[in-house]
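Spelled out, the chains give:
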Amino acid sequence: MTKKSSGEERRDALDPTTADILQELAERDEQRSMTEAERREHKKAKERLKRRVNWDLPVDIKERVQAIADEESVPQSQLAAWLLSRGFESLGQTDDERHEILMPFKSPSSSPRYDFNLSVD
Amino acid sequence: MMEIMAIANQKGGVGKTTTAVTLAHGLANHGIKTLLIDLDPQGHVAECLGLKKSPGLFQLLVQEIPLEDVVVEARKNLFIVPGDKTTEKVKRYLASGGQSSAKVFEEALNGAPYQVVLFDCAPSYDILHIAALISSNLLLIPTKLDHLATDGVNEILHSAAELKRSGESKISLIAVLPTFFERVTKETSEQLRVLADKFGKLVWPPIPDDVRAREAVAYGQTLWEYATWSACVVGYERRDGTGGVGGYKSTLERIMRALRLESSTHD
């Protein structure tokens, strides 16, 4: 599997043209009236932001990640990334395989934004 | 199959009517037989097309005059059910139980010979608005880019979700369409970012703010007639000069792709 950069992942989450516009706007904003030190700080903060994610997880999964990370003395984010990267392997190799694997866990959603909910049980 | 799309946002002045008229005429120009229904008592759909306001919706839903006798052919392949202040009476009629609001458009549109029906909803959550959401399979939300933008989108999404949850509607959100986009304004770009973070891929490229959209209304012409070259149609020029971004032309193309509609014109 080809690993994607965080910039590419953000593009996947957004409409590509909208993402382009946002990137263009962000670059313009950055160039406006900043000292060199501020620019460096800003760049670091931006890099951190690219790696940040805000998801709603079942409480037991969140607690298990916290507990294992504590026991192994590793950051929770890195443990979550480790688990996720291995989780992708269980989704098969093709779009059709993934669709088939996930189908039994899907149920219709009442949200106008999504067609399905996905059960983790 | 007839595709029915509601163009809605409970907030006013976000570009709903301009979007509805522009997309409806754009589809019609591609040979797609389109019906645009004005649900706003202001009756601006007719005015945007250079026609007079008239009580079309009242005749259709209260007087129960058949659709084919109520529609006005505004342009080739573009038909409208106009509205005016009598649309207020339609709301009162439906609210008093004159007809089941859930089925009101289903019955009126039954067997109608249109490929696409667009509802231009009023900026309020009233019985007509609900009826439109119930009858539609798609929802397009135009939104201005100010600090209340996300609020407005959330409100209409909650309304749609409630109807979907109760089994009354099968509506799906096709897109959030940012309008009045000003590339040079910090607030506008910040709000585009907020919307994109919240609604992800559903936020389509914005429609640039353009005085020609207002001028076109004054001349009773659509943007496809008055200013096909304007920024709000072709999008704004990229800084590297590689073509336009956003605009109604690309929005129309996206909608045609999403609805699997093919142009029957070849120019």
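Provided above is the structure to which this section pertains.
Criteria and thresholds
Residues numbered from 1 in each chain as written. Chains lettered and ligands numbered in written order. Predicted model: local features only at pLDDT ≥ 70, side-chain atom pairs only at ≥ 80, totals over all residues. Heavy atoms only, no water. Helix = DSSP H or I, 4+ residues; strand = E, 2+ residues; numbered from the N terminus. Buried < 20%, exposed > 50% of the residue type's maximum accessible area, 1.4 Å probe, protein only. Contact = heavy atoms within 4.5 Å. Areas by Shrake-Rupley, 256 points an atom, 1.4 Å probe, with all protein chains shown as cover. Expected span 1.5 Å × (residues − 1). Phe/Tyr/Trp six-rings, centres within 6.5 Å; stacked < 30°, edge-to-face > 60°. Lys NZ or Arg CZ within 6 Å of the ring centre and 35° of its normal. Buried area = accessible area lost by both parts, 1.4 Å probe. Salt bridge = Lys/Arg side-chain N within 4 Å of Asp/Glu carboxyl O. Polar contact = N/O pair within 3.5 Å; in protein donor to acceptor, adjacent residues only side chain to side chain. Core = buried A, V, L, I, M, F, W, Y, C linked by side-chain atoms within 4.5 Å.

A.B. asks: Please clarify how the overall build of chain A should be interpreted in this entry.
C.D. replies: The helix and strand tally for chain A stands at 6 helices and 2 strands. Going residue by residue from the N terminus, the α and β elements of chain A occur as α-α-α-α-α-α-β-β. With 121 residues in all, chain A has 13% of them scored as buried. Long-range pairs, those at least 24 residues apart, make up 9% of the contacts in chain A between residues at least 6 apart in sequence. Total accessible area on chain A stands at roughly 9900 Å², and carbon and sulfur atoms take up 52% of it.

A.B. asks: Help me out: how do you make sense of helix α9 (residues 186-199) of chain B in this one?
C.D. replies: Three or four residues apart is the spacing at which side chains of an α-helix point the same way, because the helix has 3.6 residues per turn. Residue and element names in this part refer to chain B. With 14 residues, α9 extends 20 Å between its outermost C-alpha atoms, agreeing within 8% with the 20 Å of an ideal straight helix rising 1.5 Å per residue. Among the residues making up α9, those that are buried are T188, S189, Q191, L192, R193, L195, A196 and F199. Of the residues trailing α9, G200 is marked for its positive phi of about 55°.

A.B. asks: Just checking my understanding: could you explain the packing of aromatic side chains for this structure?
C.D. replies: Describing an aromatic ring pair means giving the distance of the ring centres and the angle of the ring planes. Residues and elements named next belong to chain B. By the definition in use, this model includes 4 aromatic pairs over all chains. Directly above the aromatic system of Y114 lies the positively charged group of K33, at a separation of 5.5 Å from the ring centroid. Stacked on the ring of F180, the Lys or Arg K144 has its end atom at 4.9 Å from the ring centre.

A.B. asks: Any chance you could explain the interface of chain B and chain A here in plain terms?
C.D. replies: Accessible area lost upon the coming together of the parts serves often as the stated size of an interface. Each side of the interface is counted separately: chain B has 30 residues, and chain A has 25 residues. Taken together, both faces of the contact between chain B and chain A bury some 2300 Å²; the carbon and sulfur share is 50%. Between chain B and chain A we count 2 salt bridges in total. Of the charged contacts, one joins R183 of chain B and E24 of chain A as a salt bridge, the two residues approaching to 3.1 Å between their closest N and O atoms. Seen at the junction of chain B and chain A, the total is 7 residue pairs in polar contact (both at pLDDT 80 or more). Of all the elements in the fold, those that place two or more residues in the side of chain B that touches chain A are α8 (149-165), β7 (172-179) and α9 of chain B. It is α9 of chain B that contributes the most residues to the side of chain B that touches chain A, 7 residues altogether.

A.B. asks: How should the side chain of S230 of chain B be read in this particular structure?
C.D. replies: All names here are of chain B. Along the polypeptide, S230 turns up in the loop between α11 (223-226) and α12 (231-234). A relative accessible area of 1% places S230 in the buried class. In contact with S230, not counting residues within four places along its chain, are D210, R212, L223 and G235.

A.B. asks: It is not clear to me how the nonpolar core should be interpreted in this structure. Could you clarify?
C.D. replies: Side chains of a nonpolar character, in soluble globular proteins, are inclined to be buried together. Residues and elements named next belong to chain B. L35, I37, F105, F119 and L139 are the most contacted members of the largest nonpolar core, which totals 57 residues. Those residues within four positions of L35 in sequence are excluded, and the remaining contacts are L67, V71, F79, I80, V81, L109, Y114, V116, V117 and L118. By size, the runner-up hydrophobic cluster in this structure holds 38 residues, among which are V21, A24, L177 and I255.

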